[in-house]
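Overview (structure and organization)
The chain contents come next:
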Amino acid sequence: MNMEKSKDLPQPQVIGAFDVLSSKAAKPQAYYDRIKQKFAAERDLRLHYRPEGTAQYTSDLTGALAKYAVDPYGGEITLREAINDTVECLFIGGGFSALLTSARLREYGVESIRIVERGADVGGTWYWNRYPGVACDVVAYDYLPLLDEMDYVPKDHYAKGPEIYAHCQAIAKKYHLYELATFQTTVTSTVWDEAEEMWNIITDRGDQMKARFVICANGTLSKPKLAKINGLESFKGHSFHTSRWDYDYTKADLSGLADKVVGIIGTGATAVQAIPGLGAASKELYVFQRTPSSIDIRNDWPTDPNWARKLPPGWQAKRRARALMDPQLTAEQKAKQAAMSREEKIRRQENANIDYMMRIHQRIDEIVKDKATAEALKPWYMFMCKRPCFHDDYLPAFNRPNVHLVDTKGKGITEITEKGPVFEGKQYELDVLIYATGFEVQKTGIYNQIKGANGLDLNEKYREGIRTLVGIHSQGYPNLFIMGGYQASFQFNLTDMLQTQGDHIAACIDYARRHGYQSLDATAEAEEWWVQEVITHRGKTTRNQECTPGYYNFEGESNRRQDGNYNGGFRQYFTHI
Ligand SMILES: Cc1cc2nc3c(=O)[nH]c(=O)nc-3n(C[C@H](O)[C@H](O)[C@H](O)COP(=O)(O)OP(=O)(O)OC[C@H]3O[C@@H](n4cnc5c(N)ncnc54)[C@H](O)[C@@H]3O)c2cc1C
């Protein structure tokens, strides 16, 4: 049913929650057990091929790999004088984290706000990712932040990349964030000056700025990574990473690919969006797959203008508030839940999850005509082990005669020659090779060294495990706030989480200003409490070990309990903050 059209304030989108109370196993338990065994076997196969975990990737895009990091959108770097001044709040990064926190700071009356950004504009993810088909997988009315404040209703149920990028620019304009912003500038060093109670910030443009408060808004998925494949540098054709799309080569309408043999490595969320367009435009397209994504129905539609017109003021805030409310259970439901053992709840969750994944398999069988291709596209893992995808044109793309799936059955491509990738002795000769290999995940201080009160490098502090309070503060780093890092809650709609963090950060800064404090820091006790909270909740399930390797579970490095997200739930996280 078209929920958004039929009701004024429908429930926000919920992904991956299976109702244990009403779920009934559709099949005998032995059926589910057999599928779980297959999930485990597929996971083990992948762990066997790549025991090195996250080390199988590199995001050190320097030397021969430097071309994969170059900004193709910003044009010539504008020459300017080095900046040598002091601001009150400085954001490292100019994506949604910086924008929505700045909006709140403006509401508190903070005037001196600077964004320092590597790209040539604000937008972050939506500045860098312009590949064909780029769009958000979360319903636009939930994902796009500050819709009430901006008096804006998204054009479609799911927003496309250009609309999201334009929304970022509109926020920056409305809140006057361009005035002090510096673009095409990378922060390389952030050092706390204890005597002055100020941060000293150095950039790759020779700037030496000072700021009272620094917000690390460097992004959860903003530094591109490549799989370490033998011979990668030797490829003589054209190649680029999806977050640095080369439209000079492909042309805006992809007509530059009409006579080209194209390869794409990776079948994650980006590839799923890019492949339909690539398939339609390329002479031949080879899709190199290690592990398939789960592809559910998208069913996008344009926003009904009559629905949009009737939305009452503050509708998005109300919608968000609903997402934070506990589910309303009847007395009978509560009693049923209380009577159910933990094992029974887990079993019901898993069975419902398997039923969902088998529906995903069935959809593949219904759409993909070639039986072998259909089999190869089936994901064998629990829902949410890997980033889920929603697309109506991805599976049909494999029915095109020019689109070829090269299924590496969990192994991945291990060799590239000057002509292109090799798999099981077969050379794939390509004109262009596109890397849809993703990003470094949730790291704080990318491109940038952060030194705190005692001169300690943040990475050094984290050597034995990440240590924060609610994922935002780290003791010994006064007036430094971290957004989107580990030890915070994980939300499929990330902007909900970022808004929660941004509201908290703005409130902290306002508190310090109103009470005349020069600096704020977490206590060692509070930090230790939070680290233990994170460890306790991460230890409650065996999901990390059971899932197929992917970026959600550190590619199978299942012992990293302290370094992941807080698993106590978003409502609990929100309450703690
Ligand atoms: C392809 C793609 C699709 C996505 N789809 C979804 C989705 O469907 N739903 C969802 O909830 N989320 C999605 N995300 C996650 C998305 O990143 C977040 O929703 C959100 O945009 C993050 O905002 P941010 O400001 O925290 O980070 P970003 O948008 O990544 O911005 C961080 C910025 O910091 C800059 N930066 C980093 N280090 C420095 C430095 N040292 N100096 C200067 N600048 C620096 C980077 O250049 C970057 O522009 C997606 C991400 C990607 C990559």
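The shown structure was predicted, so the numbers you read here are calculated from the model rather than taken from an experiment.

1. Brief notes about the confidence of the model for the protein chain
Averaged over all residues, the pLDDT of the protein chain equals 93, while 96% of them reach at least 70. The model gives residues 5-10 a pLDDT under 50, and that stretch makes 10 contacts with residues more than four places away or in other chains.

2. Observations regarding the packing of helix 3 (residues 96-107) against helix 17 (residues 494-515)
Two elements in contact, helix 3 and helix 17, have axes separated by 8 Å at closest approach and are oriented at 40°. Overall, the two elements helix 3 and helix 17 adopt an arrangement that is oblique. In the packing of helix 3 onto helix 17, the handedness of the crossing is right-handed. In contact with Phe96, Ser97, Leu100, Thr101, Arg104 and Leu105 of helix 3, helix 17 contributes Thr495, Leu498, Gln499, Gly502, Asp503, Ile505, Ala506 and Ile509. Its residues placed into classes, the contact of helix 3 with helix 17 shows 7 nonpolar, 5 polar and 2 charged.

3. Re the sheet that holds strand 14 (residues 415-416)
In spatial order, the strands read 14-15-16; together these 3 strands make up an open sheet with antiparallel pairing. Each edge of the open sheet is held by one strand with a lone partner, namely strand 14 and strand 16 (426-427). Two strands pair when backbone bridges link them, and strand 15 (residues 421-423) and strand 16 are joined in this way by 2 bridges, in the antiparallel orientation. Note that in strand 16 the partner of phenylalanine 423 across the bridge is lysine 426.

4. A short note on the sheet that holds strand 9 (residues 261-265)
The strand order 8-17-9-10-13 describes an open sheet built from 5 strands, whose pairing is parallel. Here the strands that pair on one side only, and so sit at the sheet edges, are strand 8 (238-241) and strand 13 (403-407). Direction aside, neighbouring strands of the sheet carry axes that sit 20° apart on average. Direction of pairing for strand 8 relative to strand 17 (residues 432-435): parallel, over a ladder of 4 bridges. Looking across to strand 17, one finds that histidine 241 is bridged to tyrosine 435. Set on the sheet, helix 9 (residues 269-281) makes contact with strand 9, strand 10 (284-289) and strand 13; between it and strand 9 the angle comes to about 170°.

5. As for the site of the ligand
Lining the immediate environment of the ligand, one finds 39 residues, of which Gly93, Gly95, Gly124, Gly219 and Leu494 sit closest. Broken down by class, the residue content of the shell around the ligand amounts to 18 nonpolar, 18 polar and 3 charged.

6. Some thoughts on the environment of glutamate 533
Relative to the helices and strands, glutamate 533 resides in helix 18 (residues 524-538). Through-space distance from the C-alpha of glutamate 533 to that of leucine 469 is 10.0 Å; in sequence the pair is 64 residues apart. Discounting chain neighbours no more than four positions away, the residues touching glutamate 533 are Tyr566 and Gly568.

Rules behind the numbers
- Residues numbered from 1 in each chain as written.
- Predicted model: local features only at pLDDT ≥ 70, side-chain atom pairs only at ≥ 80, totals over all residues.
- pLDDT = per-residue confidence, 0-100.
- Contact = placed C-beta atoms within 7 Å.
- Axes fitted to C-alpha atoms, helices over the stretch in contact; angles between N-to-C directions.
- Helix = DSSP H or I, 4+ residues; strand = E, 2+ residues; numbered from the N terminus.
- Parallel < 35°, antiparallel > 145°, perpendicular 65-115°, else oblique.
- Left-handed = near helix turned anticlockwise from the far one by under 90°.
- Nonpolar A, V, L, I, M, F, W, Y, C, P; charged D, E, K, R; others polar.
- Pairing = 2+ DSSP bridges.
- Near = placed C-beta within 6 Å.

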